[in-house]
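Survey of secondary and tertiary structure
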Amino acid sequence: QVQLVESGGGLVQAGDSLRLSCAATGHTFSLYAMGWLRQAPGKEREFVAAISRSGTTYYADSVKGRFTISRDNNKNTVYLQMNSLKPEDTAVYYCSAKRAYYTYNYYRDASEYEYWGQGTQVTVSS
């Protein structure tokens, strides 16, 4: 069992930056591929970014070049650095984890993830 706790959300203006953190406990963090997904009101949960066990990163086209996902296996933490925020980035952001057999595995579909955090609200005003 893995427990995930997000932090770092808030209310910012367009163009500002935020860094989300997700602390994992309960199992060997380095064995998990990690992801960030988000859900805006009235919309389905959508993929934002993922990082494999080996540290390879993947992004949704909508955030590519603005967001950076990273992980620190010594701190059991995954981060999402969000720059040049836009009002359309407003959503609840969820950290997610999936046990990955191969170090290069990553996951984009919400249904593939096994564990979820409680979510953190990000609101970007125009």
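Quick caveat: nothing in here was measured; it's all calculated off a predicted structure.

Observations regarding the side chain of Ser21
Positionally, Ser21 belongs in strand β3 (residues 18-25). Residue Ser21 is classed as buried on the basis of its relative accessible area, which comes to 17%. Setting aside chain neighbours within four positions, we find Ser21 in contact with Val5, Glu6, Ser7, Trp36, Thr77, Val78 and Tyr79.

A short note on a nonpolar patch on the surface
The grouping of Tyr101, Tyr102 and Tyr104 at the surface amounts to a nonpolar patch, some 420 Å² of accessible area in total. Mapped onto the secondary structure, Tyr104 falls in the loop between β9 (91-99) and β10 (115-116).

Let's talk about the pairing of strand β4 (residues 32-39)
One face of the sheet, then the other: side chains in a regular strand alternate in exactly this way. Taking burial as the measure, the 8 residues of β4 include 7 buried ones, the bulk of the element. When β4 meets β9, the two strands line up antiparallel, connected through 8 bridges. Looking at β9, one finds that Arg38 is bridged to Tyr93. As judged from the 5 bridges shared by β4 and strand β5 (residues 46-51), these two strands associate in the antiparallel manner. Bridging across to β5, Trp36 finds its partner in Ala49. Hairpin remark: β4 followed by β5, antiparallel, with 6 residues in the connecting loop; positive phi at Gly42, about 80 degrees.

Details of empty space enclosed by the protein
All chains considered together, the criterion is met by 1 cavity of 30 Å³ or more. As for the largest cavity, its lining consists of Val2, Ala24, Thr25, Gly26, His27, Thr28, Phe29 and Tyr32. For the lining of the largest cavity, the class distribution of residues is 4 nonpolar, 4 polar and no charged.

A closer look at the environment of Gln39
Inspection of the secondary structure assignment puts Gln39 in strand β4. The partly exposed category is assigned to Gln39, whose relative accessible area is 28%. Taking the C-alpha atoms as reference points, Gln39 and Lys98, separated by 59 residues in sequence, lie 19 Å from one another. In this structure Gln39 touches Glu44, Arg45, Ala91, Val92 and Tyr94, once residues within four positions along its chain are discounted. Engagement of the side chain of Gln39 in a polar contact is seen with the backbone oxygen of Lys43, the distance being 3.1 Å. At a separation of 3.4 Å, a polar atom in the side chain of Gln39 contacts the side chain of Arg45.

So, how was this worked out
Residues numbered from 1 in each chain as written. Predicted model: local features only at pLDDT ≥ 70, side-chain atom pairs only at ≥ 80, totals over all residues. Heavy atoms only, no water. Helix = DSSP H or I, 4+ residues; strand = E, 2+ residues; numbered from the N terminus. Buried < 20%, exposed > 50% of the residue type's maximum accessible area, 1.4 Å probe, protein only. Contact = heavy atoms within 4.5 Å. Patch = residues over 30% accessible without salt bridge, like charges linked within 9 Å, V, L, I, M, F, W, Y side chains within 5 Å. Areas by Shrake-Rupley, 256 points an atom, 1.4 Å probe, with all protein chains shown as cover. Salt bridge = Lys/Arg side-chain N within 4 Å of Asp/Glu carboxyl O. Pairing = 2+ DSSP bridges. 1 Å grid on protein atoms, 1.4 Å probe; cavity = no way out; pocket = protein on both sides within 12 Å on 5 of 7 lines; lining within 4 Å. Points joined across faces, edges and corners; volume = space filled by probe spheres on them. Nonpolar A, V, L, I, M, F, W, Y, C, P; charged D, E, K, R; others polar. Polar contact = N/O pair within 3.5 Å; in protein donor to acceptor, adjacent residues only side chain to side chain.

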